[in-house]
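These are the residues of each chain, in order.
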Amino acid sequence: MKYFISYLWMVCTTVSAAGACSSDSRVAAGGKEGDAPVITSVTPLTGDCSTLITISGANFSRLASYNRIVLNETRAFAPEKATETELVFRMPEELFDGDYIVQVQTAEGIATADAPFRLRTPVDDRLKALPTTPKSVNALLMQAGQPEHPYLFFTDAELSKQRELARNDAELQAVQDLIVATADRILSQPLISYALDGANLRIPGIHDFANDQVPYLVLAYRLSGDKRYADRCWRQMEALLEWPDWGAYRHFLDTGIGAKGCAMIYDGLYDYLSESQRTALYQGTRRLALEPGLSQMKGGKAVWRWYASKDNWNGICHGGLIDAALAMYDRDPAFCADVITQAVNRLPLYIRSFDPDGASVEGMMYWSYGLSNTMLSLEAMQRNLGTTFGLSDSPGFRQTGWFPYKMAGPVGSASFGDDFLYYSPEKKYLSYFWFARHFRDPDLAKTHYLACLQKNAANPVKFNSWLDYLYYDPQLVASGSSSNIPESGYLRGVEYLFLREDSSDDAFYIGIHAGDNNASHGHLDAGTFFIQANGQNFAAGSLGTTSPYPADYFDTAKPGYTDAGGDRVQTTGRFSYYRTRAEGKSVVVINPDARPEQDPKGVAAVVRQGRDSHLLDLSQCYSRDVTAYRRGVAIDRARRAVIVQDEFTLRNPGSTVYWLMHTSAIPGYSVAPDKRSVTLTQEGRQVVFRILSPSSATFEVVPPSDTDILFLDETRPIFSDRIGTLNQVNKGFGKLQIRLSDLSGPQTICVECADVAAPVGTVVPLDNWK
């Protein structure tokens with residue numbers, strides 16, 4: 001640009017006498033031919049884009065257009081006012097905050113001010129609001145200032161503090177030892193090679209490196225100063241930079257995860273890396289992640305609109321891009337500010353998905369997967385920009401750290417959709433200290449601390465990974481109180497409701513899942529229930545995810561819910577798999593065949609909820625087979641019993657109906673002679689299940705199998721041959737089921753789970769429930 005300016009003045013001095021830049025015209029305008037401009041002062045030397053700046057000096061032109069203000073030798077424009085000794089101008093609105101060399105250029109030459117002008121945008125609440133802009137991002141970052149690396153997620157001073165705390169804190173020391181031990185194991189492992197998964201979509205090596213190696217290697221290096229960890233980390237990073245892609249145009253999730261790993265390496269190994277290595281890391285990250293990410297966020301070619309999603313993809317992908325752009329900001333501020341702006345402005349779609357109560361419709365595994373990445377980007381924003389742009393102030397997000405504990409019963413946690421199983425005290429799901437620290441919530445800190453100790457009582461490491469090491473604050477824990485356990489709860493958004501006898505580990509507990517079958521990673525599980533009692537899990541509402549996902553797992557199976565021809569599978573897909581189907585849950589199944597048993601787009605609505613009972617409307621989920629359907633759950637604390645009651649009106653005469661409950665307690669069971677009650681025994685603890693209605697119903701016990709999928713008689717011939725070994729065996733789980741045939745019209749099924757000493761309950765119509 002500076003060469004273009006010089007050329008422009010050369011042209012101006014050679015045009016005819018009639019031209020605007022002729023020598024005669026210049027003299028008439030006040031300039032003296034042959035005298036170069038002189039700058040004696042620039043005042044003020046600091047301001048924003050509204051500040052009037054005066055350049056004092058000599059040999060300027062009285063005509064403003066005959067002078068050029070030049071900033072950093074690249075940006076040129078005419079002043080607003082001009083005399084022979086003063087030029088007045090304002091900084092262009094689009095300029096980023098920073099220091100600018102000020103020059104004045106005329107036909108006779110160029111002058112440079114002694115001191116630069118420092119552009120600073122006033123930082124107020126308007127800059128911290130969404131949507132943000134690149135200029136606002138830059139102004140916030142300039143105000144906060146960039147300290148020495150590392151500064152993105154932690155500083156050396158903070159690590160030193162944790163290291164000192166660990167000397168007298170056994171739990172913190174244990175996780176610190178784990179970090180170093182994990183890094184030591186990685187040193188002897190072979191480097192990860194580029195390879196796609198079985199579906200030719202994902203690059204598992206990126207996940208393995210960025211999530212499972214980088215944090216441990218970087219932290220071990222910073223905690224010990226041992227360069228072996230940095231050497232290994234860089235060797236693997238160097239290999240990744242040579243890979244053909246990071247999945248940006250195939251499956252952007254890997255790209256986002258990779259970007260986060262690059263950010264941690266650039267920031268955490270900054271003092272170890274040479275300038276050429278930093279440059280290579282930045283250029284590779286830009287080419288493989290930041291540039292395709294920015295292009296897609298701006299509407300360019302993308303495999304799918306991940307940037308407009310409301311699920312974990314949004315948080316992981318945008319979070320990783322934000323991390324990398326903040327870590328490498330000084331490499332190209334304008335480009336990085338654009339990346340940050342685009343990503344930050346799209347995060348609300350994900351953040352607001354936790355409203356109003358902090359729950360995730362994707363279940364706890366994806367809650368953790370998405371937020372363990374997103375919360376790092378929020379941490380980086382708060383540290384480097386001084387704000388999260390109000391994202392962490394969303395009402396649901398402020399509560400989401402409590403989500404795992406709201407889903408927990410006495411001896412396990414409920415799960416649904418593509419989630420794993422948490423049906424024991426040592427498998428209860430954990431939150432993170434980050435939420436307690438970010439929101440200064442001592443009660444959450446205390447609750448999480450105690451939950452870690454309880455879950456990992458038999459393990460030397462109690463805390464939840466390296467993230468808990470970074471954000472554990474013992475003073476915050478000490479000032480908190482463990483949460484009170486309510487007798488009844490309703491977690492909105494995920495639509496999970498529960499009833500609990502009391503706060504003891506032996507309490508009777510029943511939870512039920514309503515909500516949208518079409519939720520991200522959702523299964524056909526509307527109305528599925530979970531029962532814990534006498535210190536054991538007796539009813540499993542889910543058998544977990546199918547892992548790894550088969551190639552057709554997210555495809556639409558045919559026939560569909562309302563299609564004809566349910567006697568055979570036309571096209572396999574998501575709801576061809578036992579664990580995703582309603583027959584793999586603890587629900588009612590009506591007229592089972594090749595079609596989904598519940599409407600995949602159906603929504604189970606909460607009709608009412610209270611201290612002793614909850615009521616759902618499942619009519620929409622079963623609309624093919626019923627005209628109306630309600631399921632209620634209740635607790636009788638005096639008798640120590642919980643009840644599941646279904647009332648529905650069948651649409652078609654001659655219907656077959658199954659009442660299903662999956663359980664791990666089948667190996668220890670006894671069936672009453674009339675088959676209307678079954679006593680289940682697990683770890684020496686017992687409960688009895690009784691059929692209260694209809695009077696003709698009896699229980700059938702389906703034992704667990706190490707080889708067989710527990711299909712219903714009607715669906716076994718349909719799915720066994722077509723799906724084959726892709727369906728995973730549900731080891732340890734059998735079924736307690738009721739089969740009713742040739743039914744028509746209104747029906748009531750009522751089953752209770754009670755302490756073996758409890759008297760038999762009675763059936764009360766749902767309309768009469770309190």
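Okay, so let's go over this structure.

## A closer look at the overall build of the chain
Within the chain one finds 21 helices and 29 strands. The principal-axis extent of the C-alpha atoms belonging to the chain is close to 115 × 60 × 50 Å. Scored against the burial criterion, the 770 residues of the chain give a buried share of 58%. The contacts of the chain with a sequence gap of at least 6 include a subset with a gap of at least 24, amounting to 69%. Working note: accessible area of the chain is about 29600 Å², and carbon and sulfur atoms make up 50% of it. Computed over 74 positive and 88 negative side-chain charges, the separation of the two mean positions in the chain equals 1 Å.

## Concerning the pairing of strand β23 (residues 655–663)
In terms of burial, β23 is a largely internal element, nine of the nine residues being buried. Two elements, strand β18 (residues 588–590) and β23, share three bridges in a ladder whose sense is antiparallel. Bridge pairing in β23 places V588 opposite W659. Note that β23 and strand β28 (residues 734–743) share eight bridges and pair antiparallel. Residue M661 lies in a different strand from β28, and its bridge partner there is L736.

## With respect to the sheet that holds strand β8 (residues 98–100)
Two modes of strand pairing occur in sheets, parallel and antiparallel, and in both the strands are linked by backbone hydrogen bonds. What the three strands build is an open sheet, ordered β2-β11-β8; its pairing is mixed. Each edge of the sheet is formed by a strand with only one pairing partner; in this case those strands are β2 (46–47) and β8. Sheet topology places β8 next to strand β11 (residues 117–119); three bridges connect them, and they run antiparallel. Bridge assignment links Y100 to a residue of β11, and that residue is F117.

## Quick look at the environment of Y272
Mapped onto the elements, Y272 comes out in the loop between α9 (252–268) and α10 (275–297). With 45 residues separating them in the primary sequence, Y272 and K227 have C-alpha atoms 8.0 Å apart. Ignoring any residue separated from it by four or fewer positions in sequence, one finds Y272 in contact with Y221, K227, A230, D231, W234 and Q277. A polar contact of 2.5 Å, which involves the side chain of Y272, links it to the side chain of D231.

## As for the nonpolar core
Membership of the largest hydrophobic core comes to 169 residues, with the highest contact counts inside it found for I55, M91, M237, W246, M381 and F435. The biggest single contributor to this core is helix α14 (residues 363–385), with twelve residues. Not counting chain neighbours up to four residues away, the residues in contact with M237 comprise F209, W246, C262, I265 and L281. V588, I635, V657 and F689 belong to the second largest nonpolar core, which has 55 residues in total.

How each quantity is defined
- Residues numbered from 1 in each chain as written.
- Predicted model: local features only at pLDDT ≥ 70, side-chain atom pairs only at ≥ 80, totals over all residues.
- Heavy atoms only, no water.
- Helix = DSSP H or I, 4+ residues; strand = E, 2+ residues; numbered from the N terminus.
- Buried < 20%, exposed > 50% of the residue type's maximum accessible area, 1.4 Å probe, protein only.
- Contact = heavy atoms within 4.5 Å.
- Areas by Shrake-Rupley, 256 points an atom, 1.4 Å probe, with all protein chains shown as cover.
- Lys, Arg positive; Asp, Glu negative; His and termini not counted.
- Charge placed at Lys NZ, Arg CZ, Asp CG, Glu CD.
- Pairing = 2+ DSSP bridges.
- Polar contact = N/O pair within 3.5 Å; in protein donor to acceptor, adjacent residues only side chain to side chain.
- Core = buried A, V, L, I, M, F, W, Y, C linked by side-chain atoms within 4.5 Å.

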